[in-house]
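Structural features, examined
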Amino acid sequence: MPHATGTLTRRAGRLLRTSLFVQVLIALALGVLVGRLWPQAGSSLQPLGDGFVRLIKAMIAPLVFCVVVAGITKAGDLKAFGRIGVKALIWFEVATSLALVIGLLAANVFAPGAGMHVDPASLDKGAVEAKTGGGQLPSTAQFILESLPNSAVGAFAENSLLQVLVLACLVGAALLHLGQQKVPQLLPLIEQAQDVVFTIVGYIMKLAPLAVFGATAHLVGEYGLGAMSTYGKLIAVCYGVALVFLVLLGCALKVVTGLSLWKFVRYTREELLLALGTGSSETVMPRMMQKLRAAGCRDDAVGLVLPTGYSFNLDGASIYLSIGTLFIAQAIGVDLSLGQQITVVLVLMLTSKGMAGVPGSAFLALSATASALGVIPATAVALLLGVDRIMDSMRVATNLLGNCVAVFAVSRWEGALDRVTAKKVMNGERPATPAHEAEPAPEQPLEAASEPGTVPATSGEK
């Protein structure tokens, strides 16, 4: 019996040392405990999470640049890359529109704000402005213009993913035009830089449990659990709609690719738990890119669809905004007509595209929607201040899974998905070893060792 206990202890210790999922799960539980028992101490731990997010964000722009350039040059076809972009935008528009409509339907059926009888005059007029820092969402023209870099260095310095994507497409196109004979050393250099960035990300990920602990302790210590009772119905409706939407996404993924969303969730459970713990999907973008590539998606599809989705495919945010708009109207006693609700969908379809990277963007989008309707006072948006942070988990998980499903779907649509590899990896039949972690044998040439264990970039669907 003592021998069995010792063996179990050793296994538990080894699991704790090697499993990021277990480490993050324990950190999450400890964060809730500290925030609940010592709220003031918990509130002061936010820098742990913020520091981790800053480190990861520093790696995203160079990583996206390297993956996209390498993907274009390996695919050898700039037209195919353009087709992937167009198909991705079509998928994004359909998905976000569906999320908005489902959210509105649920808000009409369950009416989470009914019976609150809130007087807008009693709300703090400056609360929303303080949350948004007096900012505003860009117009459509401004959004498109700001997607174009006016400085190659500035795009990386400002961590503007869309600008980095534009630069990467230009560099990739130039490499294709010049060919390997004129610039033989440039592509291997970019691939090596990509391996370096992935290795740095691996170092940073060792701090993930500490970041989750700090972010969770701050959330519970700062906001407590009181909002759960005050906004219980709204929270339940938002999370319930998100679950229904993910089920629909899973069905779409099964029909389009034959893959299981549940198996993908198990395959990426570490990344999903980390995103939930830190309240940011950007923290796991590098790891998700690795896992999508290992699961049979071609480099150019992963490099274009996933980063673009962070700006154009905010499914979770769309659900929250549509439900939140009707919640505010119901809470102050305004009955929106069918025409006004259609206006809500149209306005949010536009405003949701410019939300990424804008502080307090959800409240700016809600304020813009209220102004377009003309029957909801802008101050009423402050009703959601107490529950906004609790919605982060729903938004992050739905946004992240929605973008990953988009990568698989667009890859299948373009013939850039190796379904045999995808099924083997998700079933655990093949280890999903990131390229930079595999050590090539000394006698291998550089070209053969650049990406061991990964799916060739030019492999089509099998």
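These notes cover the structure that comes with them. Treat the numbers as computed from the prediction; the structure is a model and nothing was measured.

**Re the overall build of the protein**
A count of helical and extended segments in the protein gives 23 helices and zero strands. When the 462 residues of the protein are sorted by exposure, 52% land in the buried category. In the protein, once contacts between residues fewer than 6 apart in sequence are set aside, the share between residues at least 24 apart is 84%. When the accessible surface of the protein is totalled, it reaches about 20,600 Å², and 64% of it is carbon and sulfur.

**Focus: the environment of Asn-403**
With respect to the secondary-structure elements, Asn-403 resides in helix H21 (residues 392-414). With a relative accessible area of 3%, Asn-403 lands in the buried category. For Asn-403, the contacting residues outside a window of four places in its chain are Phe-92, Leu-306, Gly-309, Tyr-310 and Asn-313. In this structure the side chain of Asn-403 is engaged in a polar contact, spanning 3.0 Å, whose partner is the side chain of Asn-313.

**Digging into the pattern of salt bridges**
The tally for this structure, following the rule as stated, stands at nine salt bridges. The closest approach of N and O atoms between Glu-271 and Arg-287, which form a salt bridge, is 2.8 Å. Residue Glu-271 is found in helix H15 (residues 269-278), and its partner Arg-287 is found in helix H16 (residues 285-294); the two are separated by 16 residues along the sequence. In this structure Glu-271 comes out as buried when scored by relative accessible area, which is 0%. By relative accessible area, which is 18% here, Arg-287 ends up buried. The salt bridge involving Asp-300 is made with Arg-298; its shortest N-O contact spans 2.9 Å.

**Some remarks on the nonpolar core**
Val-64, Trp-91, Leu-234, Phe-264, Leu-306, Leu-384 and Phe-408 are the most contacted members of the largest nonpolar core, which totals 125 residues. Here this core takes 13 residues from helix H4 (residues 46-75), the largest share from any one element. Residues in contact with Trp-91, not counting those within four places in the same chain, are Leu-249, Ala-252, Val-405, Ala-406, Ala-409 and Val-410.

**A closer look at a positive patch on the surface**
Side chains of Lys-254, Lys-263, Arg-266, Arg-269 and Lys-423 sit close together on the surface and give a patch of like positive charge. Tracing the chain through its elements places Arg-266 in helix H14 (residues 261-267). Looking at Arg-266, the relative accessible area reads 41%, which means it is partly exposed.

**Topic: unusual backbone geometry**
The backbone phi angle of Ala-111 is positive, close to 45 degrees, even though this residue is not glycine. Examined against the element boundaries, Ala-111 turns out to sit in the loop between helix H5 (78-110) and helix H6 (127-132). Despite not being glycine, Asn-159 shows a phi value in the positive range, around 55 degrees. Relative to the elements of secondary structure, Asn-159 occurs in the loop between helix H8 (152-157) and helix H9 (161-182). Taking the relative accessible area as the measure of exposure, Asn-159 reaches 24% and is therefore partly exposed.

**Comments concerning a nonpolar patch on the surface**
There is a patch of nonpolar side chains on the surface, built from Ile-26, Leu-30, Leu-33, Leu-37 and Trp-38 and spanning about 500 Å² of accessible area. With respect to the element layout, Leu-30 can be found in helix H2 (residues 20-37).

Quick notes on the rules
- Here the residue numbers are simple positions, counted from 1 along each chain's written sequence.
- Predicted model: local features are reported for residues with pLDDT of at least 70 only, side-chain atom pairs are reported and counted for 80 or more only, and whole-chain, interface and lining totals are derived from all residues.
- To obtain the side-chain values, all non-hydrogen atoms of the structure were used and water was disregarded.
- Where helices and strands are cited, they refer to DSSP runs of H or I of at least four residues and of E of at least two residues respectively, numbered from the N terminus.
- Any residue under 20% of the maximum accessible area for its type is buried, any over 50% is exposed, and the rest in between are partly exposed; the area is computed with a 1.4 Å probe on protein chains only.
- Pairs of residues are marked as contacts when any of their non-hydrogen atoms sit within 4.5 Å.
- Surface accessibility follows the Shrake-Rupley procedure with a 1.4 Å probe radius. Residue values consider only the protein chains on display as shielding.
- Polar contact criterion, stated in full: a pair of N or O atoms within 3.5 Å, where within protein one must be able to donate a hydrogen and the other to accept it, and residues adjacent in sequence count only if both atoms are side-chain atoms.
- Here, a salt bridge means any Lys or Arg side-chain nitrogen found within 4 Å of an Asp or Glu carboxyl oxygen.
- What is meant by a nonpolar core is a set of buried Ala, Val, Leu, Ile, Met, Phe, Trp, Tyr and Cys residues, joined one to another through side-chain atoms within 4.5 Å.
- What goes into a patch is any residue over 30% in relative accessible area without a salt bridge, connected to like charges within 9 Å or, for nonpolar side chains (Val, Leu, Ile, Met, Phe, Trp, Tyr), within 5 Å.
- When charges are tallied, Lys and Arg are placed among the positive residues and Asp and Glu among the negative ones, while His and the ends of the chain are skipped.
- For the purpose of locating charges, the reference atoms are NZ of Lys, CZ of Arg, CG of Asp and CD of Glu.

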